[in-house]
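Below, each chain spelled out in residue letters.
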Amino acid sequence: MHAQWHWATPQAQLVLATGDLAPILRFYRRVHGLNQTELGELLGYDKTYISALELGKRSLDDVGSRRRVCEYLRLPPHVLGVTDVAGTDHRAMVQFGESTVRLAEIARQSGHAAEAVSELWPLVARLEARVEDGHTERDVLHLLARARVGLGVALGNVLPEERLGTAARWTAKSLDLVEYFKEPALTSYALRMHGNELRKARLVGAAVERLCRAAALAPDDDTRAAVLPLLARAAGALGNGELFDRVMRETEDLLSSVDHTSLFNPFSLHEIRLRGLIATGQVDTAIRLVEHSPVLTTTVAPQWRVIELVTVAHVQLLADDRGGAVESLDIAVREAVVQRLPHQLQRIMRTATGRLPEIHDTAAQALDRMRCEMAA
């Protein structure tokens, strides 16, 4: 661990909150393994003066000296009472960044993942440049961790299957940061989103491992309820019927006692159950669910409607309901084009292969056009 990252730890935050130079200098020396002579050489003071500062017998009264100490120690100037343009810019950047992350998440969930990517990409670049310059303030690192997750998840919506590893790499980069905060909810969130992107990139074993960790770290029922459906889906993709069935039961029990419809409503849970049943060899149960379940009228994000239609079509083909599958996939193709979901077009092609050649060709042509537009 590079010592400059220690400014982001809870212990460092307690030291910085005092605004007292003496404990800040002692903390800096300890994490960097410096003696007073070495710290004096870094700051341009002799050992005696450093000792006096650490004992509180001397103080830095002029703004220039305090600003120089902050620069050398990689501290935001306001910690030592220096208010300047840089400090104002920093606060504005963090406030703007918080709003960007929230609005990007709303855009993604509303079916506008491409817009979310466009908003998050420059923010992540700016934050990473600041960190690269040695400015590792806690609020910047916290924001960067969440922005990386948001960018990875948004990319996971707009990239074709062969490039989904890129989305997983971005969510993985958030894990490099969240460990410093010791916040179970944040760590569980980052692991949850990373695990789901790993599943989409077909790294299913790793996905299950990350999602199990996310569930174990979840500090409350709401957080756990956000993890379990994704774990059930990954367990199904892994072909682990026992884990899939157990997690689905726990999910249903938990969601009956908490309000978590904003993430996993009956519509999306229905799709997760269907896909898992198919993947774990419980085809007859999946067919019965499609044939006898009432039509779900819950309002959902447009991409979820496409995802569910493809899965339902898969079940309909297994039940030899060719007409129903054609109807489902025809709607799915049109919506996938409107919502710019290349991954779902690829799912449609796999589902239609060998049984519905016209649907396959229509989806393939739409995917080719989308790729050309992305490359332009």
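Just so it is clear, the model here is predicted, and its values are computed rather than measured.

**Q** How should the overall build of the chain be read in this particular structure?
**A** Across its full length, the chain holds 19 helices and 0 strands. Overall, the chain is about 85 × 45 × 30 Å in size when its C-alpha atoms are taken along their principal axes. Across the 376 residues in the chain, those meeting the buried criterion constitute 52%. Partitioning the intrachain contacts of the chain with sequence separation of at least 6 by distance along the chain shows that 62% fall at a separation of at least 24. Of the roughly 17700 Å² of accessible surface on the chain, 52% is carried by carbon and sulfur atoms. In the chain, 44 side chains carry a positive charge and 48 a negative one; their mean positions are 3 Å apart.

**Q** Before we go on, may I ask you to explain helix H11 (residues 204-217) in this structure?
**A** Quick reminder: α-helices carry 3.6 residues per turn. Residues three or four places apart thus point the same way. With 14 residues, H11 should reach 20 Å at 1.5 Å per residue; the first-to-last C-alpha distance of 20 Å fits that figure. Among all positions in H11, only Val204, Ala207, Val208, Leu211, Ala214 and Ala215 are buried. The buried residues of H11 occupy an angular sector of 125° when the element is viewed end-on, so they sit on one face. In this fold, the buried residues of H11 make contact with helix H10 (184-200), helix H12 (221-238) and helix H13 (241-255).

**Q** Just to check I follow, could you spell out the side chain of arginine 148 for this structure?
**A** Here arginine 148 is to be found in helix H8 (residues 138-158). Excluding anything up to four places from it in sequence, arginine 148 contacts Val124, Glu128, Trp170, Thr171, Lys173, Ser174 and Leu177.

**Q** Please explain the side chain of glutamine 344 as it appears in this structure.
**A** Mapping glutamine 344 onto the fold places it in helix H18 (residues 342-352). A relative accessible area of 7% means that glutamine 344 is categorised as buried. Of note is the side chain of glutamine 344, whose polar atom sits 2.8 Å from the side chain of arginine 347. For glutamine 344, the contacting residues outside a window of four places in its chain are Val306, Ile307, Val310 and Ala336.

**Q** Even after reading the chapter, I still don't get the pattern of salt bridges, so can you show me in this structure?
**A** A side chain with one charge may pair with a side chain of the opposite charge, provided their charged atoms come close. One pass over the full model with this rule turns up 20 salt bridges. Residues arginine 355 and aspartate 320 are paired through a salt bridge, measuring 3.9 Å at the closest nitrogen-oxygen approach. Within this pair, whereas arginine 355 is found in the loop between H18 and helix H19 (357-375), its partner aspartate 320 is found in the loop between helix H16 (302-318) and helix H17 (322-339), the two being separated by 35 residues in sequence. What makes arginine 355 partly exposed here is its relative accessible area of 36%. For aspartate 320, a relative accessible area of 63% gives the class exposed. Among the ionic pairs, arginine 334 bridges to aspartate 330, the shortest N-O distance being 2.4 Å.

**Q** Looking at this model, I keep getting lost on the environment of alanine 154. Mind explaining?
**A** Note on placement: alanine 154 falls in helix H8. Considering only alpha carbons, one finds alanine 154 and arginine 347, 193 residues apart in sequence, at a separation of 18 Å. Sequence-distant contacts of alanine 154, defined by excluding residues within four places in its chain, comprise Arg108, Ala113, Ala116 and Val117.

**Q** Hey, could you run me through the confidence of the model for the chain in this one?
**A** Any segment with low pLDDT has predicted coordinates that should not be analysed in fine detail. Per-chain confidence: the chain averages 87 in pLDDT, with 91% of residues scoring 70 or above. Helix H1 (residues 10-17) is the least confidently modelled element of the chain, averaging 78 in pLDDT, while H11 averages 97, the highest of any element.

**Q** Honestly, the packing of aromatic side chains in this entry has me stumped. Any pointers?
**A** For the structure on display, the rule yields 2 aromatic pairs. Relative to tyrosine 49, the ring of tyrosine 45 lies with its centre 4.9 Å away and its plane at 45°, an arrangement referred to as tilted. Residue tyrosine 49 is classed as buried on the basis of its relative accessible area, which comes to 17%. Both rings, one in tryptophan 121 and one in tryptophan 170, keep their centres 5.8 Å apart while their planes meet at 65°; by these two values the pair is edge-to-face. Separated by 49 residues along the polypeptide, tryptophan 121 in helix H7 (residues 113-132) and tryptophan 170 in helix H9 (residues 164-178) bring together distant segments of the chain.

Rules used in this analysis
- Residues numbered from 1 in each chain as written.
- Predicted model: local features only at pLDDT ≥ 70, side-chain atom pairs only at ≥ 80, totals over all residues.
- Heavy atoms only, no water.
- Helix = DSSP H or I, 4+ residues; strand = E, 2+ residues; numbered from the N terminus.
- Buried < 20%, exposed > 50% of the residue type's maximum accessible area, 1.4 Å probe, protein only.
- Contact = heavy atoms within 4.5 Å.
- Areas by Shrake-Rupley, 256 points an atom, 1.4 Å probe, with all protein chains shown as cover.
- Lys, Arg positive; Asp, Glu negative; His and termini not counted.
- Charge placed at Lys NZ, Arg CZ, Asp CG, Glu CD.
- Expected span 1.5 Å × (residues − 1).
- Arc of directions from axis to C-beta.
- Polar contact = N/O pair within 3.5 Å; in protein donor to acceptor, adjacent residues only side chain to side chain.
- Salt bridge = Lys/Arg side-chain N within 4 Å of Asp/Glu carboxyl O.
- pLDDT = per-residue confidence, 0-100.
- Phe/Tyr/Trp six-rings, centres within 6.5 Å; stacked < 30°, edge-to-face > 60°.

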